[in-house]
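# Breakdown of the fold
The lines below spell out each chain.
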Amino acid sequence: PSIKEENINKYGNNLEGRMNTPVLPDGEYVFSDDFEKYSNDTGMGSQGYTVWEGTGKINSGSAYSGSKYVNCTGTVNKTFYFRKQNLKLEAGKTYVFEVSTKAVDGKAHNIGVKSGRSSAILVSDQVNTSWVKHQIRFIPEGTDADSVAVYVNFFGVGNIYVDDMRLYRVDDSTDVPEREQ
C-alpha cells in the first residue's frame, strides 16, 4: 500500500479536548470545520462534502463543541459515507485526521483515511453513545497524496453525529498523545 499507518493502536481515538500538537505550516489546517457557520437543516452535500446512501444535515443541540453538528442518517442495507475528498497533501509528510462522533442509538461506525488507490486506515467499530474525539495519524506516499479522503461511515439504518472534523500536518518528530484505553 502507498499510505503508511502511524501505529493506529497507539494513535487511535478517545482523546479528551484539543491536542497540544503544533499545526504546520503556520498553524493552518488542510481543512477544519466545526459546522457552526451553517444553518440548521443545511445538507452537507452542497457544502463541499460527499454524502452517500443517506443524509448529512446540520442540527443544533448538544455538540462536541459549539452548538452545531452534522446528523448523519443511513439507509437500509447500504453503507453510509460522510466524507471530505480530493484533498491534496504533501507526500512523505505526517498528517492527523481528527473528528468527534456520537452514536445516540449505539450504532457501530468507522473513522477512515483513504489515499489514492491504497488501502484505507480505519478506527473501526466505534460504539460511543457520548461524544468521543477520534484521531488517525498517517503519511501519504507518492502520487496517492494527490487524492486523499477522510470519512465517517456505517452500515444500515442509524444516526451518527459528527463534529469538529479536521485535517492538519504535524512535524514528523511530534508525538501525538496516546489514546485512552
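For the structure itself, consult the block above.
So, here's what we can say about the structure. In this text the structure is predicted, and so the values were computed from the model without any measurement.

## Here's the deal with the pairing of strand β6 (residues 79-87)
Where strand β3 (residues 50-52) lies against β6, three bridges are found, and the strand directions are antiparallel. From the neighbouring strand, W52 faces β6, where its bridge partner is Y81. Relative to strand β11 (residues 148-155), β6 is paired through seven bridges, and the arrangement is antiparallel. Directly across from R83, in β11, lies its bridge partner Y151.

## Considerations on the environment of V51
Within the secondary structure, V51 sits in strand β3. Counting along the chain gives 33 residues from V51 to K84, while the straight-line C-alpha distance between them is 9.1 Å. Apart from the residues within four sequence positions on either side, V51 is in contact with M44, G45, G56, F80, Y81 and F82.

## Structural notes on the pattern of salt bridges
Under the criterion given, the structure shown has three salt bridges. Between E90 and R169 there is a salt bridge; the shortest N-O distance is 3.5 Å. Taken together, the positions of E90 in the loop between β6 and β7 (94-102) and R169 in strand β12 (residues 159-170) put the pair 79 residues apart, joining distant regions of the chain. With its nearest N and O atoms 4.0 Å apart, the salt bridge here joins D164 to R166.

## Remarks on the sheet that holds strand β8 (residues 109-115)
Strand order in the open sheet formed by five strands is β3-β6-β11-β8-β9, with antiparallel pairing between adjacent strands. The open sheet has two edge strands with one neighbour each: β3 and β9 (121-126). On average, adjacent strands in this sheet sit at an angle of 15° to one another, irrespective of strand direction.

Parameters and conventions
- Residues numbered from 1 in each chain as written.
- Predicted model: local features only at pLDDT ≥ 70, side-chain atom pairs only at ≥ 80, totals over all residues.
- Heavy atoms only, no water.
- Pairing = 2+ DSSP bridges.
- Helix = DSSP H or I, 4+ residues; strand = E, 2+ residues; numbered from the N terminus.
- Contact = heavy atoms within 4.5 Å.
- Salt bridge = Lys/Arg side-chain N within 4 Å of Asp/Glu carboxyl O.
- Axes fitted to C-alpha atoms, helices over the stretch in contact; angles between N-to-C directions.

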